[in-house]
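Summary of the model geometry
Listed below are the residues making up each chain.
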Amino acid sequence: RLLVEGRDTLDHPIHEQAAGVALVLQDPSAQLIAATVEQEIAFALENLRVPRAEIVLRIETALAAVGLSALRARHPHTLSGGQQQRLALAAAFATRPRLMVLDEPTSQLDPRSALGVFALIRELNAQYGIAFLITGHAPEEMAATVQRLVVLAGGRVVADAPPEDVYRDLPLLARNSIRPPGVTVTFAQLAGRGATRLAPPIRLEVGLEQIKHLPSPRPFEPPVATPAQSGVPILSLDRVSHVYADGTRALTDLTLEV
């Protein structure tokens, strides 16, 4: 059984749930239907009969929250995948739901943008009291955000605990093909070699602080490059720039050798 605010989802139609629950799909383009970015945010608000002045205010707040204010007049399907994901979040947030359900909310984002989305989730939770139900495979971001972690395997709940307890159980994660945070693996390996007795942290900033107090390692001696390793680059870019037809600048003077 699935109950949302005490109501069984099988017995209550979607329109009764929509006022309190917002959904963001893994493929945001599947839920974008309007002709412009700001119209996309306004669409649900108009259907909920929010007053016009309030709609305008919510559009401005939502666009600023996800960093899309400059793209308000663009057609949603001309945006990048990451921008579409942020727009879907903005449209959901604008309805002021009590619960937001996010399916892989950062699947199309680069690492920096992913951090920004999870920072936004934490802010919306703290400032507006919105609850979040997130499915995802981003352990570092989840470890820094969620209060409760549920692991499903074979149709069963195999773990339901705070993220510290779940992400430190490396055998459980391995059995269920779940990647733990990198910092947790590092400290577990250090503990296995007797370098620390501390419980492995699950958040990078905690690990960075703890590592300051570990015994100093032996000096690192970098390997000497052989002639085969110091030959001609296999890829070379020299001040490469690219601007799309609509004026969007993608690359500026990028120089790179591999």
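Residues numbered from 1 in each chain as written. Predicted model: local features only at pLDDT ≥ 70, side-chain atom pairs only at ≥ 80, totals over all residues. Heavy atoms only, no water.

1. Describing the overall build of the protein
- A tally of helices and strands in the protein yields 10 helices and 9 strands.
- Taken over the C-alpha atoms alone, the protein extends approximately 70 × 50 × 35 Å along its principal axes.
- Expressed as a percentage of its 258 residues, the buried residues of the protein come to 32%.
- If you take every contact in the protein between residues at least 6 apart in sequence, the share linking residues at least 24 apart comes to 50%. (Helix = DSSP H or I, 4+ residues; strand = E, 2+ residues; numbered from the N terminus. Buried < 20%, exposed > 50% of the residue type's maximum accessible area, 1.4 Å probe, protein only. Contact = heavy atoms within 4.5 Å.)

2. A few points about the packing of helix α2 (residues 37-47) against helix α3 (residues 52-66)
- Running from N to C, α2 and α3 point in directions that differ by 130 degrees, and their axes come no closer than 10 Å. With respect to α3, the element α2 is oriented oblique. Regarding α2 and α3, the two cross each other, and that crossing is right-handed. Listed contacts from α3 to V37, E38, I41, A42, L45 and E46 of α2 are I55, R58, I59, A62 and L63.
- The class makeup of the residues in the contact of α2 with α3 is 8 nonpolar, no polar and 3 charged. (Axes fitted to C-alpha atoms, helices over the stretch in contact; angles between N-to-C directions. Parallel < 35°, antiparallel > 145°, perpendicular 65-115°, else oblique. Left-handed = near helix turned anticlockwise from the far one by under 90°. Nonpolar A, V, L, I, M, F, W, Y, C, P; charged D, E, K, R; others polar.)

3. Concerning α3
- For α3, spanning 15 residues, the distance from its first C-alpha to its last is 21 Å, which sits close to the expected 21 Å at 1.5 Å a residue.
- Looking at α3, one finds that the buried residues are I55, R58, I59, A62, L63 and V66. Considered in projection along α3, the buried side chains sweep an arc of 130 degrees and stay on one side of the axis. The exposed residues of α3 that point more than 90 degrees off its buried face are A53, L57 and A64. (Expected span 1.5 Å × (residues − 1). Arc of directions from axis to C-beta.)

4. Quick look at the side chain of T145
- Note on placement: T145 falls in helix α6 (residues 139-145).
- Within the local environment of T145, its side chain forms a polar contact with the side chain of R122, the two groups lying 2.7 Å apart.
- In this structure, T145 is in contact with F118, I121 and R122, ignoring residues within four places of it in sequence. (Polar contact = N/O pair within 3.5 Å; in protein donor to acceptor, adjacent residues only side chain to side chain.)

5. Re empty space enclosed by the protein
- Taken as a whole and judged by the stated rule, the model has 1 cavity of 30 Å³ or more.
- Empty space within the largest cavity amounts to approximately 40 Å³.
- Residue lining of the largest cavity: L89, F93, M100, L102, V117, L120, I121, L124 and F132, and that is the complete set.
- The set of elements that each furnish at least two residues to the lining of the largest cavity consists of α4 (81-94), β4 (99-103) and α5 (111-128).
- At 4 residues, α5 tops the list of elements feeding residues into the lining of the largest cavity.
- Tallied by class, residues from the lining of the largest cavity come to 9 nonpolar, no polar and no charged. (1 Å grid on protein atoms, 1.4 Å probe; cavity = no way out; pocket = protein on both sides within 12 Å on 5 of 7 lines; lining within 4 Å. Points joined across faces, edges and corners; volume = space filled by probe spheres on them.)

6. Observations concerning the nonpolar core
- Ranked by internal contacts, the top residues of the largest apolar core, which has 47 residues, are I41, L87, M100, L102, M142, V166 and Y167.
- Among the elements that line this core, the one with the most residues is α4, at 8 residues.
- Not counting residues within four places of it along the chain, the set of residues in contact with I41 comprises I59, A62, L63, L87, A90, A91 and A94. (Core = buried A, V, L, I, M, F, W, Y, C linked by side-chain atoms within 4.5 Å.)

Don't take any of this as a statement about function, it's just geometry.
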